[in-house]
Amino acid sequence: MWFLKHGLAFVSSIHSALLCLSLIAAAVGRAHVLKRSPFSWKTGVWGSCVAQQCGSPGLQVRSVWCIHSEGWSTHRSNCHLSQRPAQQRTCVKVCEWQRQLFEWQPSPWGPCSPIPPLQANRCVTAQRGLQQRSVKCVHRSNSTAVSVRVCEAFSPSPELEQACLLPCPLDCVVSAFSHWSPCSRTCGPALQQRTRQVLAPPLYGGADCPSLTQTRPCSRDNNDDHLVHCPSDQQEHSYSLWAGPWSACRHKGTPPSGRTTVDFSNSPSGHKAVKLLRMGRHHSENFQHHHHEHHRGLSGSWDVQVGYQTRQLRCTRSDGKNAMLSLCDHDNAPVNFRSCVMPRDCEVTDWSAWSPCSKTCRTADQLPGFRSRKRSIASFPSGGGEECPVLEEVQTCNALGEFLPLCPRYDWKVTNWGSCQVSPLLSQQDHRHGNSSFLCGGGIQTREAYCVWISDNMTTSHMPRPVGMSLCSSSLPSLIQPCSVPCSKPCRLSPWSPWGPCAHDNSPENLGKKGVMLRMRFIAEEAWGQSESCPHITEAMTCDDLISFQWRVMAQGPCVPQDGACGRGTQEQIVECVTVTGETVPSTRCPGEPPLSQQQCERPCPSDCVLSEWSAWSACSHSCFDKHAEGKQSRTRSILAPPAEHGKGCLPASVLEQWRPCGTHSCMVYYWDTSPWGPCTPDPSLEGNSTAQKATVEQGCGTGIQTHQVYCRRSSGEQVVPKRCPESTRPDQVRSCTLSCKVDCIVTPFSEWSLCPTSCSPVNATTSTQSRQRIVIQRPANGGQECPATLFEERECNPPPLCPTYRWQTHRWHPCILVPDSVRQAVGGHTEACGLGLETRAVTCVGVDDIPADVAECMRWAGVKPAAVRHCRVACRDDCTFSSWSKFSQCQGCGGWRVRTRSLIGRSKKRWRCQQEALVEREACPCSKYHMRPHGPWSPCLLLMQHHQAGFTLTRRSYHLGQGATQGWRAQREGKECGQGWRYRALACLDHQGHLAEAAYCNSSGIEEELCLVPCPLDCRLSEWSTWSSCSASCGGGVKVRSQWLREKPFNGGRPCPKLDFKNQVSEVVPCYSECNQYVWEAEPWSVCVVNPPNTLNGSTAPQLLCGEGVQTRKIWCVRKEEEKHSIVDDSLCASEDQPVTARACLLPCPGHCVTSEWSHWSECPVGCNERELRWRNRSVLRMPESGHTCPELNQTQSCANTTCLSYSYAYSDWSSCQLSENAVCGQGTKTRLLNCIRSDGKLVELGMCKEWGPSRGKLSAPCEVSCPVDCLLSDWSLWSECSHTCGAQSQMARSRLVLQQAGEGGRPCPSQLSQTKPCAIRPCYSWRLGEWSSCRVEGAECGEGVRERDLSCAVHWGSLSGPPLPKAVQEERCIESRLSKAIGTEVRQACSIPCPGDCHLTEWSEWSACQLLCLDGRSFETSGRQARSRAVVMQVPESRDSCPSQVYETRPCQGGTCLSYEWVTGGWRDNQRVVWCQRSDGVNVTGGCFPQNKPSAVRHCHPPCAKPFSFCTQSGVCGCERGFTEVMTSLGFLDYCMRTPGPDHKKADVKTSAGRPRTSHVQNHNRPREWALQPLGPDGRVRLWVYGLMAAGFIMILLIITMSFLLCKNPKDNPNTSSTQKALALAYDGDADM
């Protein structure tokens, strides 16, 4: 049986083993196959759900194919069919409307993580990473999550992963080590540490931080004050009392968990363990009874419960081991129990109802609205209970807003433009300020802007109400634009034409009686604007000689004698009938018979006298007849040839001149005069047409008429009867005009009443007011309806409710509560019920009449809750006993102190501990003295605003802008922007201790005022324009100039000066023109030709007319051409080269000679310069010669080359400056230029010379514009703001203004001060101030778990807790009175630990490192950086190594970081070694940060190694020789050997044959025995050169000996001469020259 049993077991085990092996082999084979298979399944995207209708089940299909790992597809048999994914699945077909209900909601992308992390030396610029996110399917309406399958039915899921790039791994960067710490002990074995801190944490897979601590044992080598063995009388170890953390506060009925005892069993770490042992049940019963007694005593303290807490104590040795408590010596028994406040969590009320959603309408941005709910604190946390939760909760609402109404839109509306004003553009010195009615040209017009609510349902006729200006967020429309006031132009007339002939007037009254002579002038430029109309343009004079038509001889033929060649004959003439204007009319219209077509004439015979033709009648001496003078005119003829003795003689001189009267008509001139046109009135002719009249009245505009009176006046201005003036020239009395439309005043509706304050008001508060207003959009004009008188209304608000009154009510303090006796006994403490405890009191919230109220009301209205718990002490038997405090001493005055004393009584007098207690107490004396002290600078000088603006303009600024624009201009002109003002300075009220107090204690408002002066801006001041200079050119075009000089520069923001030249003046240049023939020579007719004139001085006989050659003379003078007459001027004004000759030779024909007429004018030459063209002139024969005499040539020709080769061309001058009207400041003007005619030789000639070449095509005037000097225009000052701070010295009020129009060119620039401030009264600030953390303190022990504290005290300050002046502590009641709540959660106690001697512990946190950004090539790619701090490990004894904690570091984001780089820094070489370290760009030495692959070498090596004697490796990495040796290099550049450099004792040595002196003594070993001075071998092992020389000298000596022997043995007669031998030796010597 045993065999069978064991046999079956063996077979079963064999079977199991084989089965396991087969399964393992199959799994391995399958894994091997799977691992090596390059094929895998690939799936496509699920298609749409196919079903009969939406909402019914269907199928989804996707593609599945087999792919190779390289990406190409293959047959599906290559992939494992068992692993093939499903190709179809069931689904539910969704409807189209369901797509709008659900959506994918992806989470934000997570951080980019490197996969896998690269080593720093393998990364170039970046490494690959992966970002992940989660996706869920949610309802669109409320973002509720649903199944993912729902959204998959609509669209595929968004990507859950995406690739990203990360910077290269950044290793941890740590600072350099600090100095070594002192030894942990003064004797015996001790340790020293030095630490470093983390500057930059590792990022993106970089290397972790190295150890931050280095430890070494104290020894003689590393410490000057090396440790010694402890003396025998000194203990080897010290002992310290360790205290553990306090336990949780327990109720009095809960038994303690044990008491502190010492167990000397070894702990697993080798230390003595301290165990807490359980107490018996009877202790619990006693505790319960004691607790109930005290609980009954606390029935009134319903708000606070007092418990107790315990802690552990142990005695530790300096080597880290535990010891008995008795070894830790203490004055008093250590305390391991105390009273405490039972933890009580913060209690809050229930949530209030949700507030209405902030989004009540639909906007374009689709942002959600918000709603909130609140709860208040019902009970404060105490005893370390949980802090209060969030008291306000906010959530989104109306996210889509599709069903909400559209939000109201607010936009700017503007009023009509005001009238155009020019006066704001005038400078200060302009004399036209007094009367600006005639100003014209460029100006400025303004309008107002106001904000209105725009509704989509608003009709065009609806006038929107103005609303608050802050509701309009768009940019303000332009409120100022340039405009133009047309300038009046005087009427410009042409000169008067000559008087016309005496003709009939069309008037029936004068028909057939008298004629009228007219002269006219035309209007060159019409009058425009405010100037008067043009004067009369026609004048008339009555005349008697009516001439309508007359006969005029047009041409006469030659005189044909009847008999022979001379004598009487006939002459043909052509006669036509012409009008008075010279127009040819039929001959029937001329009165009388026409002149004969042939008239008698006489042709002189050869011996007759020859006379010239009559000259033209001269000008009439008087144009009209009066009683003082009458007009005359004359004509003359001259003798051309004297007669012969027997010929027909000449007429006497009196007959050669004829006179006739002229200007016989009266000189009285008449003209029509008109009065100014009257106003435009409706046409009276429309009175019968009622329809047209009604339309005209309704419209208030249309076509009307204007009338004026017409008078007939004499030239003296006297009015005469109308018949004196010709009726044909009578002006019209009526003309049509356009009636101006009536413009009614348009105002907006009243705005809504401004809001009244909704918050409660304190007692005796002033009554608030509310106002509304309406704005004038259009001012009335042309008799339209006037604006209403009331545009602004104000009324008082309903009185708001008074603020409620709540206060904290405190009750009496209860007895001091101590730790129960049972607890004292349980933990091994003393049994006397004394020592420190806690006392409590009730604090309740009451309202008016001390009615209890909710705690939340007092939290809101009563400020900080008073303390309900405080420490107390119950005296013990061994406590020091004192007498009662005495009364305080008398105060001697403000600033003094008063004291009180007490004394020790009983046994306490002899106790040293009691003698250290304070027996004297002092406090400051109360004082009510206060004084004022100025604080801060004066405010800028402020102008007081006008009273009429205080309640109207400035209040209205909340509705519109631009109201004060024009008034601002006017105010600026009237000096309202400057003058007398006030400046303000704050005054601080201080008590006798220098504490800031309310200003009311000093009976002051807290503000000091002082009169000041705001300087007025002064514009640049120029002189008046000088007179125009004379024209620069006497002929043709020139310029004339006038100038202004600088008198005063601009000051205090006045208008800048125009661009001045180097003489500080500005000039204006205009072209001028002087007629080239303005000054011409005039000559009288030539005198008679005088042949051999007799001497007229000897007698007065008239000269006899002789014949032959003679002389003609004439007088000339220089005259100035004027319109009606020529005035004689000085001859120097006329061109001397054009001066006519005053005498010429003449030929007076003798009797019988031929007499000819004067030459005619030359014929015109064709245009152009052609020498082949000719011009001609002729003359006729007046008397035929006798036989034997001939006539001179009667025709002459001349080449045109001398006259036509001169060309003429037009030339334009430069444009003048833009000329404005005299009454304009800027705007549209005219610039002009002149046209000159220049001859080809450069001479200016008359324009008429160029007219032959065609008219000019350029314009001589063009419009231009002078930019207006628009001053900077500002809005009115806003109302003073509220004080910026409720307390402190930095509080100030501010007001501002806007720039409505920037200054134009030449305008007064905008001031830099667009805001003004003035100080508010200084009020003391009371704040809770946190003090500095105290050092860690363990109560009743030297080390262990303790606490550090800081004070939370009330301080008065000047607005900043950091000062200056520094804040000063005051009573807490000051902060409570100011309703300042202590910050909830403010930490005033913080747990800490003090390591015991021998403990391994962490250092305090290091300072935060510098904020560092992630940068590449000095450029940052992030806005926030990071900084780090760390704690290093400090090990005091080697035995505590195993219990050491790990070093820690932490990071935090920071702002304002900088880019820091790292680079390797090397020290100097020393013995082929140098120090290499990493340094940050700010100069900090670090470990880490620099790339290891770039680290420079710290040890220098030469290749090949320097094995030659006296050689070493140089800094350049090549072998060199030591000092005193010279390198000898091979052809490959390597060192061959070192050769000694010759010393000063071998100056004569030949370096080619000597190796010089041996090495200096510092190279050799002084202990070596003395060697030869001459060494046959050199330092490189080679034979020295002198050895070869010595061998050569020996060989020569041998040869010399052989030669001498031969010579001695030879015959003497063969010996050479001695001198010859010496000579040969001398020639063979080649030694030193000094030898």
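Residues numbered from 1 in each chain as written. Predicted model: local features only at pLDDT ≥ 70, side-chain atom pairs only at ≥ 80, totals over all residues. Heavy atoms only, no water.

**Considerations on the state of the cysteines**
Per the counting criterion, the structure on display carries 53 disulfides. The disulfide partner of Cys361 is Cys407, and the S-S distance across this bridge is 1.8 Å. Residues Cys361 and Cys407 are joined through a disulfide that is right-handed, its torsion about the S-S bond being 95 degrees. Of this pair, Cys361 sits in the loop between β23 (347-348) and β24 (369-374) while Cys407 sits in the loop between β26 (392-397) and β27 (409-414); the two residues are 46 residues apart in sequence, bridging distant segments of the chain. The class for Cys361 is buried, based on a relative accessible area of 14%. Sulfur-sulfur distance for the disulfide between Cys834 and Cys876 comes to 1.7 Å. Residues Cys834 and Cys876 share a disulfide whose torsion about the S-S bond is about 100 degrees; that sign makes it right-handed. Linking Cys834 in the loop between α5 (821-826) and β55 (835-840) with Cys876 in the loop between β57 (869-874) and β58 (897-901), this pair joins segments that are 42 residues apart in sequence. (Disulfide = S-S within 2.5 Å. Helix = DSSP H or I, 4+ residues; strand = E, 2+ residues; numbered from the N terminus. Buried < 20%, exposed > 50% of the residue type's maximum accessible area, 1.4 Å probe, protein only.)

**As for the sheet that holds strand β9 (residues 135-139)**
The strand order across the open sheet built from three strands is β6-β9-β10, with neighbouring strands paired in antiparallel fashion. In the strand order of this sheet, the two ends are held by β6 (102-106) and β10 (145-146), each with one partner. Here two bridges tie β9 to β10, and the two strands are oriented antiparallel to one another. Along β10, the bridge assignment pairs Val138 with Ala145. (Pairing = 2+ DSSP bridges.)

**Observations concerning the sheet that holds strand β77 (residues 1208-1212)**
The strand order across the open sheet built from three strands is β77-β79-β80, with neighbouring strands paired in antiparallel fashion. Looking at which strands have only one partner, the edges of the open sheet turn out to be β77 and β80 (1244-1245). Pairing between β77 and strand β79 (residues 1235-1239): five bridges, direction antiparallel. The residue of β79 that forms the bridge with Ala1211 is Asn1236.

**Concerning unusual backbone geometry**
As a rule of thumb, non-glycine residues mostly have phi less than zero, and peptide bonds are mostly trans rather than cis. Of note in this structure, Asn782 is not a glycine but carries a positive phi near 60 degrees. By secondary structure assignment, the location of Asn782 is in the loop between β52 (776-778) and β53 (792-796). Judged by relative accessible area, Asn782 falls into the partly exposed class, the value being 47%. A positive phi angle, close to 55 degrees, is found at Asp850, a residue other than glycine. For Asp850, the position within the fold is in the loop between β56 (843-846) and α6 (855-861).

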